[in-house]
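# Per-entry structural report
Here is how the chains run, residue by residue.
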Amino acid sequence: TSGHCIMWRGITVPFKIQQLFPRPQHFPTMHHHLQYDTVNMPPTTPYAGKFSTSTYNNNIHLHKYHQPMEVSYGDMCYHDNSLVSGSLEALIQHLVPTVDYYPDRSYVFTFLLSSRLFLHPYELMSRLCHLCVEQHRSGDLLLDKIRIRDVAPKIVQLLTEWTETFPYDFRDERMMHCLKEMSHHLARGDEYSWRAMQQMTQRLIQRLAALGQYEEAIATLNASAAERPTALKAKQQNGHRHDVLSVCDDAFILAQQLTHIELDRLSFIGPEEFIQAFGVKDHLVNHKSFFRKRKTTNLEAYVAWFNRLSYLVATEICMPVKKKHRARALEFFIDVARECYNIGNFNSLMAIISGMNMSPVSRLKKTWSKVNTDKFDILEHQMDPSSNFSNYRTALRGATQRSITAHSNQEKIVIPFFSLLIKDIYFLNEGCANRLPNGHVNFEKLWDLAKQVSEFLVWRQVMCPFERDRKILQYLVTTPVFTEDELHLASYETEGPENHLEKDSRRSLRTSLLHREHR
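Throughout, residues of each chain are indexed from 1 in the direction in which the sequence is written. For a predicted model such as this one, the threshold for reporting local features is a pLDDT of at least 70, and the threshold for listing and counting side-chain atom pairs is 80 or more; totals across whole chains, interfaces and linings nevertheless cover every residue. Here the side-chain values reflect all heavy atoms present in the structure, with hydrogen atoms and water set aside.

## Focus on the packing of aromatic side chains
Classification of ring pairs rests on two measures: the distance between centres of Phe, Tyr or Trp rings, Trp counted by its six-membered ring, which must be within 6.5 Å, and the angle between planes, read as stacked under 30 degrees, edge-to-face over 60 and tilted in between. Taken as a whole, this structure holds 19 aromatic pairs when the rule is applied. Seen in terms of ring centroids, Tyr107 and Phe443 are 5.4 Å apart; in terms of plane orientation they differ by 15 degrees. Their pairing is stacked. Here the residue Tyr107 occupies a position in helix H3 (residues 105-114), and Phe443 occupies one in helix H22 (residues 443-460), the gap between them amounting to 336 residues. As far as the burial class goes, Tyr107 and Phe443 line up, both buried. Relative to Phe418, the ring of Phe274 has its centre 5.8 Å away and its plane inclined at 55 degrees; by these criteria the two rings are tilted. Remark: Phe418 occurs in helix H21 (residues 418-431) and Phe274 occurs in helix H11 (residues 272-276); sequence separation between them is 144 residues. Partly exposed residues are those whose accessible area sits between 20% and 50% of the maximum for their type, while under 20% is buried and over 50% is exposed, using a 1.4 Å probe and protein chains only. For Phe274, a relative accessible area of 1% corresponds to the buried category. Note on Phe418: relative accessible area 1%, which makes it buried. In textbook terms, an aromatic cluster arises when at least three aromatic residues are bridged by ring pairs, as seen for Phe306, Tyr341, Phe346, Phe389, Tyr392 and Phe417. In DSSP terms, a helix is any run of H or I states spanning at least four residues, a strand is any run of E spanning at least two, and both are numbered starting from the N terminus.

## With respect to the environment of Asp485
Take Asp485: it is sitting in helix H24 (residues 484-494). For Asp485, a relative accessible area of 25% translates into the label partly exposed. Separated by 24 residues in the primary sequence, Asp485 and Leu509 place their C-alpha atoms 6.7 Å from one another. Any pair of residues with heavy atoms lying within 4.5 Å of one another is described as a contacting pair. Apart from residues lying up to four places away in sequence, Asp485 is in contact with Leu509, Leu513 and Arg516.

## Observations regarding the side chain of Thr163
Here Thr163 shows up in helix H5 (residues 141-165). Given the relative accessible area of 5%, Thr163 is considered buried. One polar contact links the side chain of Thr163 to the main-chain carbonyl oxygen of Thr160, over a distance of 3.1 Å. Excluding residues that lie within four positions of it along the chain, Thr163 makes contacts with Phe170, Leu179, Met200 and Leu204. The term polar contact refers here to a pair of N or O atoms within 3.5 Å; inside protein, the definition further demands a hydrogen-donor-capable atom paired with an acceptor-capable atom, and it admits residues adjacent in sequence only when both atoms are side-chain atoms.

## Considerations on helix H15 (residues 346-356)
Counting buried positions over the eleven residues of H15 gives ten, a clear majority of the element. Taken together, the buried positions of H15 are occupied by Phe346, Asn347, Ser348, Leu349, Met350, Ala351, Ile352, Ile353, Gly355 and Met356.

## Observations concerning the confidence of the model for the protein
In the predicted model, the protein carries a mean pLDDT of 83, and 79% of its residues have values of at least 70. Taken element by element, the protein is modelled with least confidence in helix H1 (residues 47-50), mean pLDDT 38, and with most confidence in H15, mean pLDDT 98. Within the model, the stretch residues 288-294 combines pLDDT values under 50 with 14 contacts to residues more than four positions away or in other chains. Every residue gets a pLDDT, meaning the predictor's confidence in that residue, from 0 to 100.

## Thoughts on the nonpolar core
Across soluble globular proteins, nonpolar side chains show a tendency to be buried alongside one another. Phe274, Met356 and Phe418 are the most contacted members of the largest nonpolar core, which has 141 residues in total. Ranked by residues supplied to this core, first place goes to helix H13 (residues 297-318) with eleven residues. Apart from the residues lying within four places of it in its own chain, the contact partners of Phe418 are Leu266, Ile269, Phe274, Leu299, Tyr302, Val303, Asn347 and Phe456. Grouping buried Ala, Val, Leu, Ile, Met, Phe, Trp, Tyr and Cys residues that are joined through side-chain atoms within 4.5 Å yields what is termed a nonpolar core.

## Thoughts on a nonpolar patch on the surface
Judged by side-chain polarity, Leu142, Leu143 and Ile146 come together as a nonpolar surface patch covering roughly 250 Å² of accessible area. Here Ile146 is to be found in helix H5. The patches reported here contain residues having more than 30% relative accessible area and no salt bridge. Joining distances are 9 Å for like charges and 5 Å for nonpolar side chains (Val, Leu, Ile, Met, Phe, Trp, Tyr). Only the protein chains shown count as cover for residues, and all accessible areas are computed by the Shrake-Rupley method using a 1.4 Å probe. Criterion for a salt bridge: a side-chain nitrogen of Lys or Arg within 4 Å of a carboxyl oxygen of Asp or Glu.

## Here we look at the packing of helix H4 (residues 121-134) against helix H6 (residues 173-187)
Note on geometry: axes are C-alpha line fits, over the in-contact stretch for helices, and angles between N-to-C directions span 0 to 180 degrees. Viewed as axis vectors pointing N to C, H4 and H6 meet at an angle of 10 degrees, and their least axial separation amounts to 9 Å. When the axes of H4 and H6 are compared, the pair comes out roughly parallel. Contacts from Pro121, Tyr122, Met125, Ser126, Cys129, Cys132 and Val133 of H4 reach H6 at Arg174, Met175, Cys178, Leu179, Met182 and His185. Residues are sorted three ways: Asp, Glu, Lys and Arg are charged, Ala, Val, Leu, Ile, Met, Phe, Trp, Tyr, Cys and Pro are nonpolar, and all the rest, Gly among them, are polar. Residue composition of the contact of H4 with H6, by class: ten nonpolar, two polar and one charged. Any angle that is under 35 degrees is reported as roughly parallel, and any over 145 degrees as roughly antiparallel; angles of 65 to 115 degrees are reported as roughly perpendicular and all others as oblique.

## Some points on H3
Within H3, ten of the ten residues are buried, which leaves the element mostly enclosed by the surrounding structure. Where H3 is concerned, the buried positions are Arg105, Ser106, Tyr107, Val108, Phe109, Thr110, Phe111, Leu112, Leu113 and Ser114.

## A short note on the pattern of salt bridges
Across all of its chains, the model carries 17 salt bridges by this definition. A salt bridge links Arg171 to Glu215; the nearest nitrogen and oxygen atoms lie 3.1 Å apart. With a gap of 44 residues between them, Arg171 in the loop between H5 and H6 and Glu215 in helix H7 (residues 191-225) connect regions that are remote in the sequence.

Written out as structure tokens, the structure reads:
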């Protein structure tokens, strides 16, 4: 790298410029939550009431069992004072603030999150800005200026909520152009709001710059970790120890460093990535190219981290030549998994269990015979997939409750088993129609999607309280790991084949890997 390196979260990363990556700004709570009564329709359910603190696998039941009350206001329908459906045009109009009205934050978050199922964020921004401008236009310049001045703080608040909660939408230059145009419009009537727009735009630019640096760093780290582990093989053969235990032999400290990585990577996942991961099925939508781009880079990078950790665990167990070293690695990772469970880091916990359950590891019967598996059996029981992971979901509810009443940042940590969170959101999206038979948007579904994603945002914003260890972090994210074929061969080399099928498999793997090395 010739000196062209930077430190990212305690990790040395080859890079073109020397600059520390700033920790991304957590999305701040609005200090001046404006609430106004609507003129022609009841307000949507308050934010805190709509998104309760129960765990993400519980659905919201909007339909009460007492006498229901269904009311329609134009193209919007309510059930027991909760918005349940509406035409897309009416929902967009409902987002527009006026002098006497500002939409509830629950509605703002829900619609900004899921409106992309029906139209591109740029289309929504264009229509929103158009409606905001047109409602001030009377033909009287002085009256227009007064109207702009009165409603400008609310427009700024709405755009602030958008830019702070969904900043990645503004990687689209057209979105930034709309912000600039709206800033010029507000400047005609209210200098204070114009300055607030400028500050908001600066924060957005800083956030997008941090995102760009993060994505480049992850790409560099992945490229470094993708190198074939020939050096590890050489050390395996000549007896040199270069494994995780030589870097860290304290299970609690390793669990802490894994938690750092988890929270770092979670912090860059945009809430909209959960929706964009599933594409769009609305037959009225004509912006499918937006979803073909997928725009789920950070979500996919986080899933890739889970897979890497599983393969790292399997590599560390299969690599040692001596049985006692393999058994020690097994025992160590069982202890690390238990510490992850105690911290509330369920994603690393499941990745470690997955690594130990991979067939190259599970077949090492002589190694497992040297290990007391009582603790491992308990952890497996907690993460048992039967009954839709009911044991895990109970543990998650406990961790979430602990987080709510926490007196320290460590007690606030809740890192869900991420693949299951994605699965839950996927089935919620697949199991409910986007539109009702009358063409209305099914807003009950949108409430449910928003509820699950909003809990993720709460978990994502926790500051990791543990001290960073640069050497351990560097090892975890950059050390090469075996591929699946290399793991199987390493397993056969340490504990020989037990039957003809395994012998044939070892022979085939040796030939295949030797052929690849000579390419």
